[in-house]
Amino acid sequence: YFKNLKCQKNSSGFLMEVCVDSVESAINAERGGAGRLELCSSLLEGGITPSIGLLQVVKQYVRIPVYTMIRPRGGDFLYSDREVEVMKKDIELVRSHGADGLVLGALTEDGRVDAELCMELLAVSRPLPVTFHRAFDMVHDPMVTLETLVSLGFERVLTSGCDCSALEGLPLIKRLVEQAKGRITIMPGGGITERNLQRILESSGVLEFHCSARSSKDSAMKFRNSCVNMGASLTAPEYGLKVADVSKVRSLNAIAKNTL
């Protein structure tokens, strides 16, 4: 019965999407008032495709829609034929395991949307709604790209306004909202916090926003070996976790409610 679920907008009409990479974060985001989840693994890399196990368990614990990231690796958005095979297989798998929507994107080497590949991925995704992710922020011409995404049939685009945060990209986000004219949803994301959310919502005219609302949580491990790291040098601390924070999600939701 989850299939017929609608994303929960709060009483002022705003919808908050929270990106999560654990069951705990998913539960906290829903408790705090999120209307939709973007589920991925490895937020340290900007999010990659989550495991089917993670998707299945999250779906058992939350009732709001879960949009699943389809991104085979970190780094750029120029994909090889074999990576495309993986993406198509992942789309089929997450669809059959309860994903309510998908989040994906692909570019050509000259910084344009890979329209041909996106058409193929959207065909495999049907009938699920699809968000074009922040690959948008790496394009050569955002205004032209927006028209391409509309014509391809994406439901929304997640963007920081092609800048290092949604606050700094606000001028472009406003232009995109004006250009979109409701044909595609513009959803700002990137560095959104309690300090800047009201300004972003008031200035841009958007009705959805994307955030992670996380805080650090110490590991429960008592025995610790500080000599060993499990990844490359630029890793998250081995004994620290980042988890969506119920009070942060609540507070962002309250700010959105009071903005109109």
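Residues numbered from 1 in each chain as written. Predicted model: local features only at pLDDT ≥ 70, side-chain atom pairs only at ≥ 80, totals over all residues. Heavy atoms only, no water.

Peer 1: Account for the side chain of Ser25, naming residues and giving values.
Peer 2: In this fold, Ser25 is placed in helix 1 (residues 23–32). A residue is classified by how much of its surface remains accessible, and Ser25, at 1% relative accessible area, is buried. A distance of 2.9 Å separates a polar atom in the side chain of Ser25 from the backbone nitrogen of Ala244. In this structure, Ser25 is in contact with Val20, Lys242, Val243 and Ala244, ignoring residues within four places of it in sequence. (Helix = DSSP H or I, 4+ residues; strand = E, 2+ residues; numbered from the N terminus. Buried < 20%, exposed > 50% of the residue type's maximum accessible area, 1.4 Å probe, protein only. Polar contact = N/O pair within 3.5 Å; in protein donor to acceptor, adjacent residues only side chain to side chain. Contact = heavy atoms within 4.5 Å.)

Peer 1: Which residues make up the packing of helix 3 (residues 81–96) against helix 4 (residues 115–125), and what are the values?
Peer 2: Where helix 3 contacts helix 4, the axes come no closer than 9 Å and their chain directions differ by 25 degrees. Comparing the axis directions of helix 3 and helix 4 gives the class roughly parallel. The way helix 3 lies across helix 4 gives a crossing that is right-handed. Here Val84, Met87, Lys88, Ile91, Glu92 and Arg95 of helix 3 lie close against helix 4, whose contacting residues are Leu117, Glu120, Leu121, Val124 and Ser125. (Axes fitted to C-alpha atoms, helices over the stretch in contact; angles between N-to-C directions. Parallel < 35°, antiparallel > 145°, perpendicular 65-115°, else oblique. Left-handed = near helix turned anticlockwise from the far one by under 90°.)

Peer 1: Before we move on, could you go through helix 2 (residues 52–61) and cite the residues and values that matter?
Peer 2: By the burial criterion, the buried members of helix 2 are Leu54, Leu55, Val58 and Lys59. Down the axis of helix 2, the sector holding all buried residues measures 130 degrees, keeping them to one side. Relative to its buried face, helix 2 has exposed residues pointing more than 90 degrees away, namely Gln60 and Tyr61. Of the surrounding elements, those touching the buried residues of helix 2 are helix 1, strand 2 (36–39), strand 3 (66–69) and helix 3. (Arc of directions from axis to C-beta.)

Peer 1: Got a sec to walk through the confidence of the model for the protein? Specific residues and values, please.
Peer 2: Averaged over all residues, the pLDDT of the protein is 91; the fraction at 70 or higher stands at 92%. Taken together, the stretch residues 1–5 has pLDDT below 50 and engages in 11 contacts with residues farther than four places along the chain or on a different chain. (pLDDT = per-residue confidence, 0-100.)

Peer 1: Describe the nonpolar core, naming the residues involved and giving the relevant values.
Peer 2: Among the nonpolar cores identified, the biggest contains 65 residues, and Leu37, Phe132, Phe154 and Phe209 are the most heavily contacted of them. For Phe154, the contacting residues outside a window of four places in its chain are Leu104, Cys118, Leu122, Val130, Thr131, Phe132, Leu149 and Ile184. (Core = buried A, V, L, I, M, F, W, Y, C linked by side-chain atoms within 4.5 Å.)

Peer 1: Give me the pattern of salt bridges: which residues, what numbers.
Peer 2: The tally for this structure, following the rule as stated, stands at 14 salt bridges. With a shortest N-O distance of 2.8 Å, Arg183 and Glu147 are connected by a salt bridge. You can see Arg183 sitting in the loop between helix 6 (170–180) and strand 7 (185–188) and its partner Glu147 sitting in helix 5 (residues 142–152), a full 36 residues away along the chain. Accessibility expressed as a relative area gives 32% for Glu147, which makes it partly exposed. (Salt bridge = Lys/Arg side-chain N within 4 Å of Asp/Glu carboxyl O.)

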